[in-house]
Amino acid sequence: MTTAVTVLIADDQPLIRHSLRTILRDAGIAVVAEAATGAEAVAEAVRTRPDVVLMDIRMPGGDGLEATRRIVADPALAGTRVLVLSMFDLDDYVLTALRHGASGFLLKDAEPARLVDAVLRTHAGESLFAPAILTRLIGHYLDRPAHARPRRPALLTERETEVLTLVGRGLSNQEIAGTLVISMGTVKTHIGNLLAKLAARDRAQLVIAAYDHGLVAARTDREARGRG
């Protein structure tokens, strides 16, 4: 497979970097730089402007979460997306990565084909989370007491708010289309409108917006637990 996607690998373990580089190279994805610390990751991202950064969390010289924040905040790196890789799937890591602008979170024990798919999907603007992580993340929010009543974000239509709610529950475009009985093309149009109106980089940021506006209602609690 040939692709124009470029990747920066940030991990403090040389063996992990080598393994990731080999997997991506065999899939035709170009690794343009490597970094062993958070500071190096930021510097190399600025230097090479990759499409995707594979970011480890626990690194010396500034961790991967802080490096993610700095990369996402840099206007010069607006075209760069961060896919966090970790051995740990702790909720706090996921939440912090999301809030710092990461486009996805994948465990390091994922199959090579899933890693390649994750890189390509991240480059395409899709959010990516291991299914178990997303299910628990939703449950984490649902288990919290509501601090405010659900509210429609400014500028959104009623239908766009419905779509945003379903995105927040972790549904795919196909599942959203089935739930609302609309076409896939219409779903994609709504997603595009949501990204523009909410100034969101990608689907992961829409998930955060849905949570922040209280749109993941308590009535979905049983469904979320059932998925776990």
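The structure displayed is predicted, hence computed values, not measured ones. (Residues numbered from 1 in each chain as written. Predicted model: local features only at pLDDT ≥ 70, side-chain atom pairs only at ≥ 80, totals over all residues. Heavy atoms only, no water.)

A few words on the overall build of the chain. Along the backbone of the chain there are eleven helices and six strands. Considering the chain as a whole, with its 228 residues, one finds that 49% of them fall into the buried category. When contacts within the chain are restricted to residue pairs at least 6 apart in sequence, long-range pairs at least 24 apart make up 67% of them. (Helix = DSSP H or I, 4+ residues; strand = E, 2+ residues; numbered from the N terminus. Buried < 20%, exposed > 50% of the residue type's maximum accessible area, 1.4 Å probe, protein only. Contact = heavy atoms within 4.5 Å.)

Turning to its location among the elements, Thr80 is positioned in the loop between helix H3 (64-73) and strand E4 (81-86). By relative accessible area, which is 2% here, Thr80 ends up buried. In this structure the side chain of Thr80 is engaged in a polar contact, spanning 2.6 Å, whose partner is the backbone oxygen of Pro50. Non-local contacts of Thr80, meaning those with residues more than four positions away in its chain, are made with Arg49, Pro50, Asp51, Val53, Ile71 and Arg201. (Polar contact = N/O pair within 3.5 Å; in protein donor to acceptor, adjacent residues only side chain to side chain.)

Within a regular beta strand, the side chains point alternately toward one face of the sheet and then the other, so they alternate between its two faces. Burial analysis of strand E1 (residues 6-10) places five of its five residues in the buried class, the great majority of the element. Of the two faces of E1, both are covered, the one formed by Thr6, Leu8 and Ala10 as well as the one formed by Val7 and Ile9. Relative to strand E2 (residues 30-35), E1 is paired through five bridges, and the arrangement is parallel. Its bridge partner being in E2, Val7 is matched across the sheet by Val31. The parallel pair E1 and E2, bridged by helix H1 (residues 14-26), forms a crossover whose chirality is right-handed. One ladder, built from four bridges, connects E1 with strand E3 (residues 52-56); its direction is parallel. Opposite Val7, over in E3, you have Val52 as the bridge partner. (Pairing = 2+ DSSP bridges. Right-handed = clockwise from strand over helix to strand, strands pointing away.)

Moving on, we come to the confidence of the model for the chain. In this model, the chain carries a mean pLDDT of 82, and residues with pLDDT of at least 70 account for 80%. When pLDDT is averaged over each helix and strand of the chain, the minimum, 40, is found for helix H11 (residues 221-227) and the maximum, 97, for E1. This stretch, residues 217-228, has a pLDDT under 50; its non-local contacts, to residues over four places away or in other chains, come to 15 contacts. (pLDDT = per-residue confidence, 0-100.)

Its place among the elements puts Ala27 in the loop between H1 and E2. Taking the relative accessible area as the measure of exposure, Ala27 reaches 12% and is therefore buried. Note: C-alpha distance between Ala27 and Asp117 (90 residues apart in sequence) is 9.8 Å.

The next point concerns unusual backbone geometry. With phi around 50°, Arg49 is a residue other than glycine that occupies positive phi space. The residue Arg49 is located in the loop between helix H2 (38-48) and E3 in this model. The residue Ala199 is not glycine, and still its phi comes out positive at about 55°. When you line up the elements, Ala199 lands in the loop between helix H9 (184-197) and helix H10 (203-212). What makes Ala199 exposed here is its relative accessible area of 68%.

Let us look at helix H8 (residues 173-180). Of the residues making up H8, those classed as buried are Asn173, Ile176, Ala177 and Leu180. Down the axis of H8, the sector holding all buried residues measures 100°, keeping them to one side. Of the exposed residues in H8, the ones pointing more than 90 degrees away from its buried face are Gln174 and Gly178. Against helix H7 (158-168), H9 and H10 lie the buried residues of H8. After H8 finishes, the residue Val181 shows a positive phi value of roughly 55°. (Arc of directions from axis to C-beta.)

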